[in-house]
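Structure at a glance
Chain residues, written in single-letter form:
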Amino acid sequence: MGTDTVRTGPADGTAERRREQRGWYFYDWACSVYSTSVLTVFLGPYLTSVAENAADADGFVHPLGIPVRAGSFFAYSVSLSVIVAVLVMPLVGAAADRSGRKKPLLAVAAYTGAAATTAMFFLGGDRYLLGGVLLIVANAAQSVASMLYNSYLPQIAAPEERDAVSSRGWAFGYAAGSLVLVVNLVLYTGHESFGLTESAAVRICLASAGLWWGGFALVPLRRLRDRRVESKTPGEAAGEAAVPGFRRLAATIRDMRRHPLTLAFLLAYLVYNDGIQTVISQASIYGSEELGLGQSTLIVAVLLVQVLAVAGALGMGRLARIYGAKRTILGSLIAWTATLAAGYFLPAGAPVWFFALAAGIGLVLGGSQALSRSLFSHLVPPGKEAEYFSAYELSDRGMSWLGPLLFGFTYQLTGSYRDAIISLVAFFVLGFLLLARVPVRQAISDAGNPVPERI
């Protein structure tokens, strides 16, 4: 049985609540640059080229003696980072709820990820193993930090505010990603005028994302506050609440079984978000390797995604106020399916069509993620925010190894990134069907939370 806690709820006082919300937005502003500049744009193609430099005559590298096609190494590294995060997140989430001290844990996770990202400056030549290790550390740390960050949402926003607050957070993140990508584009395309090699320019872009992450993380760490908690779990053995490790994970899972509708939502989110995360992490590989597009074209496309994602997140937040979060998310999954299917037929060497695909992705990307986060916040039993958001991040990351693994494995078998990309459509179709079956009003009520007028 999980440990119940006394929750103070959203911060008392409108001014105090707004101040915490503004601080909360700035963590999206801080860490989204990692997702954009590192994971989506630069690291995939660059780490692949480093692996290719180290490959044998057949195009394989051999980490730990295992033959891996150089073109699959990045995807496999992303999958391994997810597995590491899956092992760590439930333990950190349980510790956060048990102690009420989320902020120190958030600081450790954020600065571990920022340091690993900054260290990517030293990635070069044939150091593909260094790149893989830094990617695993940074990606796992980012997952843990995001879990803790997301768990603040029920505490800093009243139920009727959460769609708007969550959407603004995502909008902040995409705005930061856009700003930094513009600087990256100037540096990368004009690297010769700055006296830099192409490799040096990429490494500076990677490292600057880590410095940005660490610098702006100071804002939420100053403004967010921890809540005092006290155990009130009847029948729990003396001292059991302090037991770390996988006994806490097992206790969390046992507790979640008492909320089957919350689990049903998590299953749906697990499936469709796997597709989203794989598109984010593998899109640049698809554009560079299958469509033959240059790095500058990819940067412009991702910049287009970031700019339109700001409008998309805010616009879908408004749609949620009219139609409800669930219906709006379902609509976004239909759009994801159509957009990804169209991506299979993109002609090689035609940037304009890749830009059209990027525009479609941008309009649905931020909103589908922001509304999923705010909808789940209603399904969390009071006092178990970090513990349940660790399960949410497990759904965010826990099966997100499957998409990159399938993507990489399909390419390894067929040698075609088109075959790899079309396989991801199944995640959105199945996710739609699973989410459509979840009665969210009943799920909110069963979790012990007030049901908003429109959800």
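For the structure, check the block above.
Our subject in this report is the structure included herewith. (Residues numbered from 1 in each chain as written. Predicted model: local features only at pLDDT ≥ 70, side-chain atom pairs only at ≥ 80, totals over all residues. Heavy atoms only, no water.)

1. Side note on the packing of aromatic side chains
Note the threshold: Within 6.5 Å between ring centres, the rings of Phe, Tyr and Trp (the latter by its six-membered ring) count as paired, and their orientation is classed by plane angle as stacked under 30 degrees, edge-to-face over 60, tilted in between. In this text, helices come from DSSP runs of H or I with a minimum length of four residues, and strands from runs of E with a minimum of two, each type numbered from the N-terminal end. Type-normalised accessible area, obtained with a 1.4 Å probe on protein chains alone, sets the label of each residue: buried when under 20%, exposed when over 50%, and partly exposed for intermediate values.
Applying the stated criterion across every chain yields a total of 23 aromatic pairs. For the ring pair Trp29 and Trp212, a centre distance of 5.7 Å and an interplane angle of 35° mean the geometry is tilted. Residue Trp29 is found in helix H1 (residues 14-54), and its partner Trp212 is found in helix H7 (residues 198-216); the two are separated by 183 residues along the sequence. By relative accessible area, Trp29 is classed as buried at 17%. Aromatic pair Tyr344 and Phe345: ring centres 5.0 Å apart, planes at 90°, arrangement edge-to-face. By relative accessible area, which is 26% here, Tyr344 ends up partly exposed. One aromatic cluster is present, formed by Trp24, Tyr25, Phe26, Tyr27, Trp29, Tyr149, Phe172, Trp212 and Phe216 through successive ring pairs.

2. Digging into the nonpolar core
The condition that has to hold: By convention a nonpolar core is built from buried Ala, Val, Leu, Ile, Met, Phe, Trp, Tyr and Cys residues, the set being connected through side-chain atoms within 4.5 Å. The contact criterion used throughout is that any non-hydrogen atoms of two residues lie within 4.5 Å.
Trp24, Tyr27, Leu43, Phe265, Trp336 and Phe376 are the most contacted members of the largest nonpolar core, which has 131 residues in total. Of the residues forming this core, the biggest block, 17 residues, is contributed by H1. If we ignore the near neighbours within four places in the chain, the residues touching Leu43 are Ser37, Val38, Thr48, Phe74, Met120, Leu123, Leu135 and Leu206.

3. With respect to empty space enclosed by the protein
The cut-off we apply is this: For cavity detection a 1 Å grid was placed over the protein atoms alone, and a set of points counts as a cavity when a 1.4 Å probe fits there but cannot get out; an open set counts as a pocket when protein lies on both sides within 12 Å along at least five of seven lines, with lining residues being those that have an atom within 4 Å of a point. Grid points are joined across faces, edges and corners, and a volume is the space filled by probe spheres set on the points. Charged residues are taken to be Asp, Glu, Lys and Arg, nonpolar residues to be Ala, Val, Leu, Ile, Met, Phe, Trp, Tyr, Cys and Pro, and polar residues to be all remaining types, Gly included.
As enumerated under the stated definition, the model contains five cavities of 30 Å³ or more in all. As a volume, the largest cavity reaches approximately 590 Å³. In terms of lining, the largest cavity is formed by 36 residues, of which the most central are Ser35, Tyr174, Ile280, Leu365 and Gln369. Contributions of two or more residues to the lining of the largest cavity are made by H1, helix H4 (128-150), helix H6 (162-189), helix H10 (260-290), helix H11 (295-323), helix H13 (351-377) and helix H14 (385-397). Of the residues forming the lining of the largest cavity, the biggest block, eight residues, is contributed by H1. A per-class count over the lining of the largest cavity returns 19 nonpolar, 12 polar and five charged.

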